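# Notes for the structure review
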Amino acid sequence: MKHTFKQIFRSGKFIVGFVILVAILLTVLIYPLLIKYPPLDVVSRGTFLPPGIYANIYDSVDSSTRYTLILDDAAAKRIDSRLTQDDRLAMQKWLLAAGISQDEINIDDTAALLELWANNFDQTLRIAGMTNADRNYYIRLNNSLDGLMSTEALILAAPNPESGALEETGIVNQTDYVNVGQVPNIRVLPLGTDNFGRDVLTELVKATGVSLSIGLVAGIIATSIGLVLGLVSGYLGGFADDIIMFINNLFTVIPSFVLLILISFSIGQEERGAFVIAVVIGLTSWVWTARAVRAQVISLRNRDHVNLSKLSGHSVAHILMTDILPYLASYVVMALILQISSGILIEANLSIIGLGPKTTEVPTLGLMMNWGMIYQAHIMGKWWAYFPVVVMIALITFSMNLMNTGLDQVFNPALRD
Amino acid sequence: MKSDTEILSGKGLTKTFGFGAQRTVAVDHVDFSFKKGEIISIVGESGSGKTTLAKMLLGLLKPTEGEILFEGKPRDIRSYRKKKEYWKNIQAIFQDPFSSYNIFRKVDTVLLDCIRMRGGRRLPYEQKRAMMQEACSFVNLKFDELTNKYPFELSGGQQQRLMIARIFLLKPKILLADEPTSMIDACSRATILDMLMDLRNEIGMTPIFITHDIGLAYYVSDTVYIMEHGVFVESGSADDVILNPQETYTKRLLNDVPKLHEEWDLSTV
Amino acid sequence: MSRVILEVNELTTNYVTRFQEKIYAVDHVSLKVKEGRSLGIAGESGCGKSTLALSLMGYYFPPLHYASGEIIVDGQNITGMDPDDVRRTILGNEISYIPQAAMNALNPTQKVINFIEDVVQAHYPKTTKKEIYDLAAERFELLGLSPKVLQKYSVELSGGMKQRTVIATSVILSPKVLIADEPSSALDVTSQKMVIKMIMDLMEKGIIKALIFITHELPLLYNVTDDIMVMYAGQIVEKGTAQEVVFDPIHPYSKALMGSIIVPEAGLRNVKLTAIPGTPPNLKKPPAGCRFADRCRFVMPECRVMSINLREVEGGRAYRCIIPEEDLRKAYENEE
């Protein structure tokens, strides 16, 4: 036994798979201890906030300690963030259309460009071939350029509660800085928010945990049913075998996914918790395990060591437990790993078509995909709402299949290279 | 040693496998009568049905037809309890020692099973230990070195000796030895055969050898049965059958075996 | 004096385990096989006889490694040759090898003739199918096999037939040496006899020049080969003619081995068989002195420390023991 473990941990493939899976498990376990936000809390108004660090503006402005930093490129960066390269090209295009010669326009010199623009832009001018949308764009652009070159401070004002007149309460200079560490409200959203405005990362970690437990429950149920039926039908043979194989054949010819859809649908949206889905998946995916176990038991039951055990007066139950089961153990472990990873995939499949666990209680990887799809994250290019989920599913199944291949090579020396 | 009491006999014993066109007759209406104390050999080539016959004798396979009489009475092994009772009287040694043991169970559990089978389940461990030591020393193994070992850590010869130690503890009336020496080396073969003969004298059992090796059959047995295609073609005392074969099949079999003192006639193939 | 077909000098090869331990399965073995002679190698399982067979081909692949010594096939030294060259020019052309499970070499989806085409074209790519068929048919006829077999699939043939087909194929290029490792052990006595007859025919009809036959079945070896070499724990412990080694063994191990032969012959029924207690030594750590010391009846303290060389006796015999031949013979006589 000890030797087998040593062998397993010498297999490179197994180790890689194992490390990935353990890393995922540790993340699932440790992350909630460090970051205690409820995973399904709606944190943003508006959907699909891009990934980033969100600092509260009110707190930043209101911060008592303000620092002055003189940085040379601050102004340039500020202008850049409001006047992009695309905008400059658009300005050039308008100016050319308005009859300014190519030589006068230098889009890299911000001051000259703005001056040229201010002198020439006329929103009432109609240029041939320009659509209404384009014209509106230029109007918006023109408005946003106001004060771009200004170096004056912004004035903060608050309404006087009595007169209602605005009173100056402070000034924000262009050289004013606040230390982010001193801003009391900062929220890091490494993967942004989803369609409901929920923190995708926290949700993803929770969903991974739920999906893994769905896989585990489904895997254990499927493997145990398959193992018990396989053992009984393989060892006893005869009538028991006929009946079990009849049921098995029935399940084989009906695609289990169709069955799963029908069962899920008939359970109804309200009753479908994550656990119920796991049980349903387990109950429909034992067929191949049962078949394989049966085949192995049939080849084992005529071996001499089983005959010897019979001659030693052991009961059928004893023979199954000590002479058959240990010989199957390695196979069963591998079947379990495969069943877990396929359980996770099946849950994802079901959830994508909207028949997964109900959406109000827990997130699962499949549900996150489902939400992403319904709210068109993939069309709108909001990659953070679905791509990390895809990567997570791929990583889980990849690590498990890798572990399985590694185990296969240990248990079947013929496959070793 | 040989007596006239019948210990195991069969009438019209038949075993067929498969149905319809696939139907094959492995053992075809075989009659035999094994006397208590004699050493019997059943000789046949592969596919002659000798292993099927052995399994039927052991009660591991159900005969399709015919009956087996044990000590003159029809054998009854319909329930688990009766089977267990029958297996106290008949035991086996298999051909391949490497596949005969459960690789997950240690040597002492194999022997403890035998003590339990003989009704010694409640004996104090010290007494069980003494019994196991006695059995192991009978086959020249050191029990104290074996307790924590797995059978597959022993050599083929040692495993086969452990099998004999098992028989020593079980003390059955009949021992079916299915090619007990074909997988082990020539030098260990002599040891195993010696031990089996000693054991026979010690506990008065009736050994039945199932073998393809006509030389071995001649060397060990009193009575030889030659089996071809599921039937006994010739039987009788070892000297009669081997030195004076009557049937062409027996003659051919003998002719095909290389010998030391006779020319091996290769022209007759 | 006829020419030497195969000469092996002090060949040592070892297995390297996954834990980088070396197992010296063939330890300084020398042998010579002359034209028209057959050499038998006897020994128990694990004594290195199969490894010797593999080593003699000069084609090593892990875990088997070459350590020292030389192999000369008909005057051509093949040690140190590039493995690919050995495979292309030596195997099949000069030396052929038949393992016990040779019959499993036939591809079930191909006809026998396709298998033969593969073998021939691997060495002579330009041969046409017609030439190969003619060669194969002629050779099969010569060996008493029907040329119809060539058009069959392996599943249509019985075990003995498959084995004979593979043997006939392996000598299609008329190699000088044939190494047969237990070629008939998995077969029934009748098929075994046919396989042996075929191998004897190969020698008689001059298709092969020399034969090395390996088996643990001594009566068979006695009937097939001219000379016998007994191996124990990777070393040669005795060599001589078949007659001498079987009926007049010198080394205590050979003596015991010959004493354990069982054959169905009158007068051999009540002979006491010789048993050797103990097990062969672990070849990862071979003992310093005689490797048989632990199991030998005549063991002396020096046996365990002195390294013992093969001793030549008159008439080309040799044995590996420090006790003189006459003393051993006397001891055997006293026992009887």
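Here, every reference points to the structure presented above.
What comes next concerns the included structure. Computed from a predicted structure; not experimentally measured.

Mapped onto the secondary structure, D96 of chain B falls in the loop between strand 6 (90-93) and helix 3 (97-100). Sequence separation of D96 of chain B and G156 of chain B is 60 residues, and the distance between their C-alpha atoms is 8.4 Å. If near-sequence neighbours (up to four positions away) are discounted, D96 of chain B is found in contact with D304 of chain A together with M183 of chain B.

Before going further, it helps to spend a moment on the interface of chain C and chain B. Contacts between the two partners involve 31 residues from chain C and, on the opposite side, 30 residues from chain B. Elements with a contribution of two residues or more to the side of chain C that touches chain B: helix 6 (189-204), helix 7 (218-224) and helix 9 (252-258) of chain C. A class-by-class count of the residues in the side of chain C that touches chain B yields 18 nonpolar, seven polar and six charged.

This part covers the environment of I243 of chain A. Residues and elements named next belong to chain A. When you line up the elements, I243 lands in helix 9 (residues 238-253). We classify I243 as partly exposed; it has 13 C-beta atoms within 10 Å. With 110 residues separating them along the chain, I243 and A133 place their C-alpha atoms 72 Å apart.

Bringing the interface of chain A and chain B into the picture now. Each side of the interface is counted separately: chain A has 14 residues, and chain B has 17 residues. Of all the secondary-structure elements, those providing two or more residues to the side of chain A that touches chain B are helix 13 (304-311) and helix 14 (316-352) of chain A. For the side of chain A that touches chain B, the leading source of residues is helix 13 of chain A, giving seven residues.

Let us look at the sheet that holds strand 1 (residues 4-16) of chain C. Residues and elements named next belong to chain C. Strand order in the open sheet made by the four strands is 2-1-4-5, with antiparallel pairing throughout. Two strands lie at the open edges of the sheet, namely strand 2 (22-34) and strand 5 (76-77), each paired on one side alone. Summarising the sheet, strand 1 and strand 4 (residues 64-73) pair through eight bridges and their orientation is antiparallel. For T12, the partnering residue across the bridge sits in strand 4 and is S68. Along the sheet face, helix 1 (residues 49-56) touches strand 1, strand 2 and strand 4 and points at about 65° away from the line of strand 2.

Analysis parameters
- Residues numbered from 1 in each chain as written.
- Chains lettered and ligands numbered in written order.
- Predicted model: local features only at pLDDT ≥ 70, side-chain atom pairs only at ≥ 80, totals over all residues.
- Helix = DSSP H or I, 4+ residues; strand = E, 2+ residues; numbered from the N terminus.
- Contact = placed C-beta atoms within 7 Å.
- Nonpolar A, V, L, I, M, F, W, Y, C, P; charged D, E, K, R; others polar.
- Buried ≥ 20, exposed ≤ 12 C-beta atoms within 10 Å, placed from the backbone.
- Pairing = 2+ DSSP bridges.
- Axes fitted to C-alpha atoms, helices over the stretch in contact; angles between N-to-C directions.

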